[in-house]
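Residue strings, one per chain:
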Amino acid sequence: MRMPFIDLKTPYLYWQQDIRACIDKVLEHGQYVMGPEVEELEQSLSERVGVGHAIACSSGTDALLMALMALGIGPGDAVFTTPFSFTATAEVIQLAGATPVFVDIDPVTYNLDPEALDTAVRALAFGNGSHPLPGPALEQAGLTPRAVIAVNIFGQPADYDRIQQVADTHGLAVVEDAAQSFGAQYKGRPSCGLGRIACTSFFPAKPLGCYGDGGAVFTDEDDLADILRSIRNHGSGRDKYDTVRLGLNGRLDTIQAAILLVKLMGFPAEMSNRQHLAGLYSRLLAESCPELVVPAVAEGSLSAWAQYSVQAENREAIRKGLQDAGIPTAIYYARPLHLQPVMAPLGYRPGDMPVSERVAERIFSLPMHPYLSDVQVGEIVREVARAASLST
Ligand SMILES: *Cc1c(COP(=O)(O)O)cnc(C)c1O
């Protein structure tokens, strides 16, 4: 048995005719950049999410960078975020010239802890030492708290009601990093509509993936949307050869937009398969491997199940057992962002974010994609149980 961690081939084979036809159509009309499919995609995305504007762009990373640029965030600004995420979440803060301030996570959902956010903003304002802060950067300049990037890790939305309360108290803009959570819900509200600006990724392995890099930014505010569209295209003004602000080449290729329009047709069924498979995993693991910590989804929320991640004390032994049985696993994320070498100038130390650090030592992800069968989930769980029992 050898199974993929994420199966990209099966959906391609299933949608092959439509995918090839839509690519052919772009090849024939020849509008390879900002062609009609891009606008069609944006309309479809904004309708699905129920926000005023969806702005397709070149990647999830560029979506986040564009969001910070549109908010006017730069040197001297503090942007709060979780250390338990993909590196891009913090990278864009530094690219914008601002300073990342890390806030530890909730031990159950692995998402940014709103109470810790409140403590961190107050610590920054009053210098009272109640939360670890980026030392050297602080000494150089008093930082202005400007925004929080909350990440919906593994597909589950963070606690936006509480995060918004804290953000409102301190005047922070809430940016939703929905790179892993397109299709998720928070209290009945779709992900990508939960912050002032939301950013998603269409990297192939994400819940809604294209066949290359892609992303989108979402907002309800017309003026922000205008700025985001301008930033996407080199800061263009009304005339595209007028440059009115600093921007990027942040456009999405027309071919990728066309592919996404096809993939959106299958997306609702894929999302319901993910719900079913995650439920099956959790039920079978609870029966045969109760010492494993399975994912907990907050009441009223729906995860997009970008990953199905569990915690185990004997993680490496279980992963080795699975590998021998031809079952791939992955670790998201082995090193929290505050301890990445690129963040060293901020002066964070091991122990500063204890929950993230503890989770990073124990977490790993099992194969998860909508084309897994119930039988495969059963086999994976059997191998997990076998490896776990051999190693204790
Ligand atoms: C994948 C990802 C990104 C970056 O998206 P790209 O499209 O790969 O640039 C940002 N944040 C999180 C949480 C991600 O998982």
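Residues numbered from 1 in each chain as written. Predicted model: local features only at pLDDT ≥ 70, side-chain atom pairs only at ≥ 80, totals over all residues. Heavy atoms only, no water.

Engineer: I would appreciate a short explanation of the pairing of strand E3 (residues 99–102) in the present structure.
Structural biologist: Moving residue by residue along a regular strand, the side chains alternate between the two faces of the sheet. Both faces of E3 are covered, namely the face carrying Thr99 and Val101 and the face carrying Pro100 and Phe102. When strand E2 (residues 77–81) meets E3, the two strands line up parallel, connected through four bridges. Within the sheet, the bridge partner assigned to Val79 lies in E3 and is Pro100. This β-α-β element, E2 to helix H4 (residues 88–95) to E3, shows right-handed connectivity. (Buried < 20%, exposed > 50% of the residue type's maximum accessible area, 1.4 Å probe, protein only. Helix = DSSP H or I, 4+ residues; strand = E, 2+ residues; numbered from the N terminus. Pairing = 2+ DSSP bridges. Right-handed = clockwise from strand over helix to strand, strands pointing away.)

Engineer: Would you take a moment to explain the pairing of strand E12 (residues 363–366) for this structure?
Structural biologist: In E12, alternate side chains face the same way, and those of Ile363 and Ser365 on one face and Phe364 and Leu366 on the other are all buried. Judged from the four bridges that link them, strand E11 (residues 308–311) and E12 form a sheet pairing that is antiparallel. Pairing of Val310 across the sheet is with Phe364, part of E12.

Engineer: Got a minute to help me understand the packing of helix H3 (residues 60–70) against H4 in this structure?
Structural biologist: A packed helix pair is summarised by two numbers, namely the angle formed by the two axes and the spacing between the axes. As a packed pair, H3 and H4 sit with axes 9 Å apart at the nearest point and diverge in direction by 40 degrees. Relative to H4, the element H3 is oriented oblique. As for how H3 packs across H4, the hand of that crossing is right-handed. Within the contact between the two elements, H3 uses Thr61, Leu64, Leu65 and Leu68 and H4 uses Ala88, Thr89, Glu91, Val92, Ile93 and Leu95. Tallied by class, residues from the contact of H3 with H4 come to seven nonpolar, two polar and one charged. (Axes fitted to C-alpha atoms, helices over the stretch in contact; angles between N-to-C directions. Parallel < 35°, antiparallel > 145°, perpendicular 65-115°, else oblique. Left-handed = near helix turned anticlockwise from the far one by under 90°. Contact = heavy atoms within 4.5 Å. Nonpolar A, V, L, I, M, F, W, Y, C, P; charged D, E, K, R; others polar.)

Engineer: Even after reading the chapter, I still don't get the environment of Ile380, so can you show me in this structure?
Structural biologist: Positionally, Ile380 belongs in helix H12 (residues 374–390). Considered as a pair, Ile380 and Ile327 are 53 residues apart in the sequence and their alpha carbons are 7.1 Å apart. If near-sequence neighbours (up to four positions away) are discounted, Ile380 is found in contact with Met3, Tyr281, Leu322, Ile327, Leu366, Pro367 and Leu372.

Engineer: Looking at this structure, I do not really get the site of the ligand. What am I missing?
Structural biologist: Residues in close proximity to the ligand total 15 residues, the closest being Gly60, Thr61, Gln180, Ser201 and Lys206. With respect to the ligand, the side chain of Thr61 contributes an N or O atom lying 2.5 Å from an oxygen atom. Within the side chain of Asp177, one N or O atom sits 2.8 Å away from a nitrogen atom of the ligand. Protein contacts shield 93% of the accessible area of the ligand, which totals 390 Å² for the unbound molecule. Under a 2 Å grid-point criterion requiring more than half of the atoms, the pocket assigned to the ligand is the largest pocket. (Near = heavy atom within 4 Å. Polar contact = N/O pair within 3.5 Å; in protein donor to acceptor, adjacent residues only side chain to side chain. Areas by Shrake-Rupley, 256 points an atom, 1.4 Å probe, with all protein chains shown as cover. 1 Å grid on protein atoms, 1.4 Å probe; cavity = no way out; pocket = protein on both sides within 12 Å on 5 of 7 lines; lining within 4 Å. Sits in = over half its atoms within 2 Å of the grid points.)

Engineer: How should I be thinking about the layout of surface pockets in this particular structure?
Structural biologist: Where empty space is left becomes clear once a probe the size of a water molecule has been rolled over the atoms. Empty space within the largest pocket amounts to approximately 520 Å³. Along the wall of the largest pocket there are 30 residues; nearest its centre are Phe86, Gln180, Phe203, Lys206 and Tyr333. If you list the elements that add at least two residues to the lining of the largest pocket, you get H3 and H4. With three residues, the single largest contributor to the lining of the largest pocket is H3. (Points joined across faces, edges and corners; volume = space filled by probe spheres on them.)

Engineer: Got a minute to help me understand the pattern of salt bridges in this structure?
Structural biologist: Two side chains of opposite charge can pair, provided their charged atoms sit close to one another. Counted according to the given criterion, the structure contains 13 salt bridges. Across the salt bridge formed by Lys187 and Asp161, the nearest N and O atoms sit 3.0 Å from each other. Separated by 26 residues along the polypeptide, Lys187 in the loop between strand E6 (185–186) and strand E7 (189–190) and Asp161 in helix H7 (residues 160–170) bring together distant segments of the chain. Sharing partners across several salt bridges, the network here consists of Asp161, Lys187 and Arg189. (Salt bridge = Lys/Arg side-chain N within 4 Å of Asp/Glu carboxyl O.)

Engineer: Sorry if this is basic, but what is going on with the side chain of Glu176 here?
Structural biologist: As for its placement among the helices and strands, Glu176 is situated in strand E5 (residues 173–177). At 2.9 Å, the side chain of Glu176 forms a polar contact with the backbone nitrogen of Cys192. Other than its neighbours up to four places away in sequence, Glu176 contacts Ala150, Asn152, Tyr160, Ser181, Ser191, Cys192, Gly193, Leu194, Gly195, Ile197, Ala198 and Cys199.

Engineer: Looking at this model, I keep getting lost on unusual backbone geometry. Mind explaining?
Structural biologist: Put simply, Tyr332 and Tyr333 share a cis peptide bond, and its omega is 0 degrees. For Tyr333, the position within the fold is in the loop between helix H10 (315–324) and helix H11 (354–362). Phi at Phe154 takes a positive value of approximately 65 degrees, unusual for a residue other than glycine. Here Phe154 shows up in the loop between strand E4 (144–151) and H7. Relative accessible area serves as the criterion here: at 6%, Phe154 is assigned to the buried category. One non-glycine residue, His234, lies in positive phi territory at about 60 degrees.

Engineer: Sorry if this is basic, but what is going on with the packing of aromatic side chains here?
Structural biologist: Ring pairs (aromatic) are described by centroid distance and by the angle formed between their planes. Scanning the entire structure with this criterion turns up 13 aromatic pairs. Geometrically, the ring pair formed by Tyr14 and Trp15 is edge-to-face, given 5.3 Å between the ring centres and 75 degrees between the ring planes. Here Tyr14 falls in the exposed class, since its relative accessible area comes to 65%. On the accessibility criterion, Trp15 (16% relative accessible area) is buried. Note on Tyr110 and Phe154: the rings are 6.0 Å apart at their centroids and 80 degrees apart in plane angle, and the pair reads as edge-to-face. Taken together, the residues Tyr110 in the loop between E3 and helix H5 (114–126) and Phe154 in the loop between E4 and H7 connect sequence positions 44 residues apart. The exposure class of Tyr110 is buried, given its relative accessible area of 4%. Ring-pair connections join several aromatic residues into one group, and the members of that group are Phe5, Phe84, Tyr110, Phe154, Tyr332 and Tyr333. In this structure, Lys206 packs its charged tip against the face of Phe86, placed 5.9 Å from the ring centre. (Phe/Tyr/Trp six-rings, centres within 6.5 Å; stacked < 30°, edge-to-face > 60°. Lys NZ or Arg CZ within 6 Å of the ring centre and 35° of its normal.)

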